[in-house]
Structures are given as structure tokens and as C-alpha cells.
Amino acid sequence: MRSLVAGNWKMNGLAAGLAELASLKAALAAKPPAAEVLVCPPFTLLAQAAWAVKDAFALGGQDCSPHDGGAYTGDISAAMLKDAGASYVIVGHSERRHYHGERESDVAAKTQAAWRAGLCAIICIGETESQRDAGDAHSICAGQLDASVPDTATAQNTAIAYEPVWAIGTGKTPTSADIAAMHAHIRSCLVRRLGEGAQGMRILYGGSVKPENAAEILNLPEVNGALVGGASLKAADFLNIITAFKVV
Ligand code: PGA
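Residues numbered from 1 in each chain as written. Predicted model: local features only at pLDDT ≥ 70, side-chain atom pairs only at ≥ 80, totals over all residues. Heavy atoms only, no water.

1. Some details on the side chain of N213
Part 1 of the argument: By secondary structure assignment, the location of N213 is in helix α9 (residues 211-218).
Part 2 of the argument: The class for N213 is buried, based on a relative accessible area of 14%.
Part 3 of the argument: What N213 contacts, discounting residues up to four positions off in sequence, is T173 and S208. (Helix = DSSP H or I, 4+ residues; strand = E, 2+ residues; numbered from the N terminus. Buried < 20%, exposed > 50% of the residue type's maximum accessible area, 1.4 Å probe, protein only. Contact = heavy atoms within 4.5 Å.)

Dropping the structure here:
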């Protein structure tokens, strides 16, 4: 399994930001990374990014419609993402769940739409702070996996991102022991449900990953990569996270 370090630019980035992708491309060409690299810019930059990056690393969308096309004003289909140069799409990010009311069934439908277009889906799960404080983090994540990961998920068409909601953009992270325990739990849920093939499905950690903590987090057992928000916007920071793999 090759680890995946994914950058989620969220609603950040104008055309000038493409210079960061050019810097990243140059740095990765000079020193090919151990991990696979993915950047998910806003929709508006995808096609230009694909042209600038020219397969030096992968590109993805941050969301997609559950529908393949039609009268859905403002929505973007998975096929449109693919057409613009994406090979991945993030689905069920906590900001989508929170601000747009996305339910587990929506996340599952978007995942199926991603697959129909030939995209790999990165399905996000994670508990809130009060759920963790109540001791419910593992059961919450198990429930999210059950309801949002379709039965036909494979290591090829799906990755899971464990992102505790309280760690996103806050500078707070769980302890290494808590991250390792959660990733082991997610792995066992996936294998129980999907079979042994799920041993090869990548489980990413996300939430306040930065250059200073990347080496410790990314080298924990069952952590097969990272989903990085704020620290992916600057090529230098993102590069420091990408190269943190296997250097502990
Ligand atoms: P953050 O965001 O790295 O800024 O905490 C992570 C995410 O939301 O994917």
C-alpha cells in the first residue's frame, strides 16, 4: 500500500495560488516522495491546475453531486471533476455535513457517483468533541462507516479519512495513542464489513496536521496518509508534511 498525503484547499485559492502547485511540482520532481501526493483545489482551479501540474501529482475535488447530471443548479458532477483532471474526490467532509446538512445516505450516494465517474472517493468520518468526551468516539465512527461506506467499497475505489471534528483547523490533535487506537478500530470495522481486501484500504488522519507534528502522526501504525487543510496551502509547508513519512 502506498500512503497518500492529500491537501484540501477548502474555499481558498485564486489563480495566483497556482504558483504554489508549480513550486510543489518542481520540488517533487527534484526529490520523488515515498507517498502519493494529491491536491484538492477549489473547482474553479481544477482544469488550470491539471494543466500546470501535468501528472506530477494527483488532483481531486472537494465534493461532488450524487447525481450524474441534469437540473441541479450550482452542483458539480463527478464526471465534470474527472473531465477537469481529477482522479479523487473528498466526500462527507465535516464542513459539508455541518454547513450543508449532508447525511450518511448523501455521503454514500456521492461515493457511488464518484465511482461511476471513475474517481476514488475519500470518505471523511470523525467524532465531535462532546462525543469524544462522552467516550463515544469509536461507536460514532463505526456508525458513520457503516452508513456512509457502500458495501462494494474496495481498496482501489475508496480511502477513509478519520478527521475528529474538534481537531479541524483548531491546532488541537488527539494523542498519538488515541489516533493509533482509532485507526486500528477503523481497520477492524472495515475488514469485518468488507472482507480481507479492506486490509489494503488507506486510512488517512486529518485535523491540524502540520510540519511540526507530521512525522509523529504519519508514522503511527495503520495511519496510511494524511488529509491536510491549512498547511497544504503553502507548498513549503505541504512538502515538509509529505517528506515526513518514514523519517521517525
Ligand atoms: P486542517 O483541516 O488541516 O486545517 O485542520 C483538515 C481538513 O479539514 O481536512
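Next comes the rest of the description.
2. What to know about the pattern of salt bridges
Part 1 of the argument: As enumerated under the stated definition, the model contains 16 salt bridges in all.
Part 2 of the argument: For K234, the salt bridge is made with E20, and the minimal N-O distance between the two is 3.8 Å. Separated by 214 residues along the polypeptide, K234 in the loop between β8 (225-228) and α10 (235-242) and E20 in helix α1 (residues 18-30) bring together distant segments of the chain.
Part 3 of the argument: Bridged by salt links that share partners, the residues D63, R96, E102 and K110 form one connected network. (Salt bridge = Lys/Arg side-chain N within 4 Å of Asp/Glu carboxyl O.)

3. Concerning the packing of aromatic side chains
Part 1 of the argument: For the structure on display, the rule yields one aromatic pair.
Part 2 of the argument: Sitting above the plane of the W51 ring, K54 keeps its charged end 4.1 Å from the centroid. (Phe/Tyr/Trp six-rings, centres within 6.5 Å; stacked < 30°, edge-to-face > 60°. Lys NZ or Arg CZ within 6 Å of the ring centre and 35° of its normal.)

4. Notes on helix α8 (residues 176-194)
Part 1 of the argument: With 19 residues, α8 extends 27 Å from end C-alpha to end C-alpha; this agrees with the ideal 27 Å at 1.5 Å per step.
Part 2 of the argument: Of all the positions in α8, only S176, I179, A180, M182, H183, H185, I186, R187, C189, L190 and V191 are classed as buried.
Part 3 of the argument: Residues of α8 that are buried make contact with β5 (120-125), α6 (129-133), α7 (137-148), β6 (158-162), β7 (203-206) and α9. (Expected span 1.5 Å × (residues − 1).)

5. Thoughts on the site of the ligand
Part 1 of the argument: Among the 13 residues in the neighbourhood of the ligand, the closest are listed as K10, H93, E163, G169 and S208.
Part 2 of the argument: Between an oxygen atom of the ligand and a side-chain N or O atom of H93, the distance comes to 2.7 Å.
Part 3 of the argument: Backbone polar atom of G230 to an oxygen atom of the ligand: 2.9 Å apart, as the coordinates give it.
Part 4 of the argument: Notes on the ligand: free accessible area 280 Å², of which the protein chains cover 94%.
Part 5 of the argument: Class assignment of the residues belonging to the shell around the ligand gives a composition of four nonpolar, seven polar and two charged. (Near = heavy atom within 4 Å. Polar contact = N/O pair within 3.5 Å; in protein donor to acceptor, adjacent residues only side chain to side chain. Areas by Shrake-Rupley, 256 points an atom, 1.4 Å probe, with all protein chains shown as cover. Nonpolar A, V, L, I, M, F, W, Y, C, P; charged D, E, K, R; others polar.)

6. A word on the nonpolar core
Part 1 of the argument: Residues L24, F57, I160 and I186 are the most contacted members of the largest nonpolar core, which totals 64 residues.
Part 2 of the argument: The greatest single-element share of this core, amounting to six residues, is contributed by α8.
Part 3 of the argument: Among residues more than four places away in sequence, those in contact with F57 are L21, L24, K25, L28, V37 and V39. (Core = buried A, V, L, I, M, F, W, Y, C linked by side-chain atoms within 4.5 Å.)

7. Looking at the pairing of β5
Part 1 of the argument: In terms of residue burial, β5 counts as a mostly covered element, since six of its six residues are buried.
Part 2 of the argument: With burial as the criterion, each face of β5 is covered, one bearing C120, I122 and C124 and the other bearing A121, I123 and I125.
Part 3 of the argument: In the sheet, β5 pairs with β6 via five bridges, with the strands oriented parallel. When the bridges of β6 are listed, I122 appears paired with A159. (Pairing = 2+ DSSP bridges.)

Read these as spatial facts, not as claims about activity.
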